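Coordinates in review
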Amino acid sequence: MTAKPRSLIVGNWKMNGLRRSLAEIAQIAQGYDAKLRRDCELIVCPPVTLVYLAAKDAVGSRIAIGAQDCHIEASGAFTGEISAEMLADCGATTVIVGHSERRSYNAETDGDVKSKALAALRAGLMPIICVGETNSDREGGHTIAVIKRQLAGSVPGSADSEPIVVAYEPVWAIGTGLTPTHADIVEVHRFIHRELNALLGSHASPLRRVLYGGSVKPSNAKDILALEYVDGALIGGASLKAEDFLAIARAAPAPR
Ligand code: PEP
């Protein structure tokens, strides 16, 4: 049995949320009581339009605010883009990079994802690097090979690459209500931890975590968060309602 550190629970709101949705973040902050603080760390990643206001509101609440993407450059002639430095300036502490929706709708490559993760680290943000196989990868028995390739291409392999979080999000499990078997989740997470040790050095680091993402909800969170090698979860749909997000957080095991 490996140690279980405090779970990291991250909400990805995707392109959802107007200013009135800040009330959900306020409710999450209010519900983040002493027991929850002992068992888990909470980060909410609203759309970029809400990052500044959410971070301002979250001051003193101990929940953190993140973003869902960043540009690789710090500034320049890139109309419509947002840099990691701008996110940090707005109070974000974290940024998700390489989500499967960006890989697929914006044709982001592993190389792009690595550059974004490096940009995040440069700006003092913690990157959450998403990897995950498609259904045809899975059916073809290629899950581990796909994850290995994505990690090798997307994770900055330098001494400066921490804190680093990898989110294992099977593409076929996102927003579908489907999840891999517990044995499959453990196998892939164990593999990711080993690959990170190979890429970043095998010293144990509390700054290196692997999250599971894909249809996590209050009803399945307890079993998934208890699995060996699972350091937390990245939550899409169920993070939009404070009640559901807090219920998932409450399902986190006590650290040991
Ligand atoms: C996600 O998009 O990162 C995600 C995990 O979505 P959901 O929880 O809705 O499957």
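Note that the structure is predicted; figures quoted are calculated from it, not measured. (Residues numbered from 1 in each chain as written. Predicted model: local features only at pLDDT ≥ 70, side-chain atom pairs only at ≥ 80, totals over all residues. Heavy atoms only, no water.)

Next up on the list: the site of the ligand. Neighbouring the ligand are 14 residues; Lys14, His99, Glu169, Gly175 and Ser215 lie closest to it. Within the side chain of Glu169, one N or O atom sits 2.8 Å away from an oxygen atom of the ligand. Contact with the protein chains removes 95% of the 290 Å² of surface that the ligand exposes when unbound. Looking at the shell around the ligand residue by residue, the class counts come to 4 nonpolar, 8 polar and 2 charged. (Near = heavy atom within 4 Å. Polar contact = N/O pair within 3.5 Å; in protein donor to acceptor, adjacent residues only side chain to side chain. Areas by Shrake-Rupley, 256 points an atom, 1.4 Å probe, with all protein chains shown as cover. Nonpolar A, V, L, I, M, F, W, Y, C, P; charged D, E, K, R; others polar.)

Here the focus is the packing of helix H10 (residues 218-225) against helix H11 (residues 242-250). Where H10 contacts H11, the two axes come as close as 8 Å, and the packing angle between them is 25 degrees. In terms of orientation, H10 lies roughly parallel with respect to H11. Between H10 and H11 lies a crossing whose hand is right-handed. Where H10 abuts H11, its residues Pro218, Ala221 and Leu225 lie against Asp244, Ala247 and Ile248. Considered class by class, the residues forming the contact of H10 with H11 number 5 nonpolar, no polar and 1 charged. (Axes fitted to C-alpha atoms, helices over the stretch in contact; angles between N-to-C directions. Helix = DSSP H or I, 4+ residues; strand = E, 2+ residues; numbered from the N terminus. Parallel < 35°, antiparallel > 145°, perpendicular 65-115°, else oblique. Left-handed = near helix turned anticlockwise from the far one by under 90°. Contact = heavy atoms within 4.5 Å.)

Given two aromatic rings, their pairing is described by the distance between the two centres and the angle made by the two planes. Across all of its chains, the model carries 1 aromatic pair by this definition. Here the basic side chain of Arg138 rests over the ring of Trp172, its NZ or CZ set 3.8 Å away from the ring centre. (Phe/Tyr/Trp six-rings, centres within 6.5 Å; stacked < 30°, edge-to-face > 60°. Lys NZ or Arg CZ within 6 Å of the ring centre and 35° of its normal.)

For the rest of this paragraph, the subject is unusual backbone geometry. One non-glycine residue, Ser215, adopts positive backbone phi at about 60 degrees. Within the secondary structure layout, Ser215 lies in the loop between strand E7 (208-213) and H10. You can call Ser215 buried: its relative accessible area is 15%. If you check the backbone angles, Tyr229 has positive phi at about 75 degrees while not being a glycine. (Buried < 20%, exposed > 50% of the residue type's maximum accessible area, 1.4 Å probe, protein only.)

Here we come to the pattern of salt bridges. As a working rule, side chains carrying opposite charge can pair if their charged atoms are close by. In the structure shown here, the tally under the stated rule is 14 salt bridges. The shortest N-O distance in the salt bridge between Glu101 and Lys14 comes to 2.7 Å. Residue Glu101 is found in helix H5 (residues 100-105), and its partner Lys14 is found in the loop between strand E1 (7-12) and helix H1 (22-31); the two are separated by 87 residues along the sequence. Note on Lys14: relative accessible area 22%, which makes it partly exposed. The structure contains a network of salt bridges with shared partners spanning Asp69, Arg102, Glu108 and Lys116. (Salt bridge = Lys/Arg side-chain N within 4 Å of Asp/Glu carboxyl O.)

Judged by how many residues are buried, strand E6 (residues 164-168) sits mostly within the fold: 5 of 5 residues are covered. The alternating pattern of E6 places Ile164, Val166 and Tyr168 on one face and Val165 and Ala167 on the opposite face, and all of these are buried. In terms of strand pairing, strand E5 (residues 126-131) meets E6 through 4 bridges, oriented parallel. Pairing of Cys130 across the sheet is with Ala167, part of E6. As paired elements, E6 and E7 share 5 bridges and run parallel to each other. Counterpart to Ile164 in the pairing with E7 is Arg208. (Pairing = 2+ DSSP bridges.)

Geometry only, nothing functional implied.
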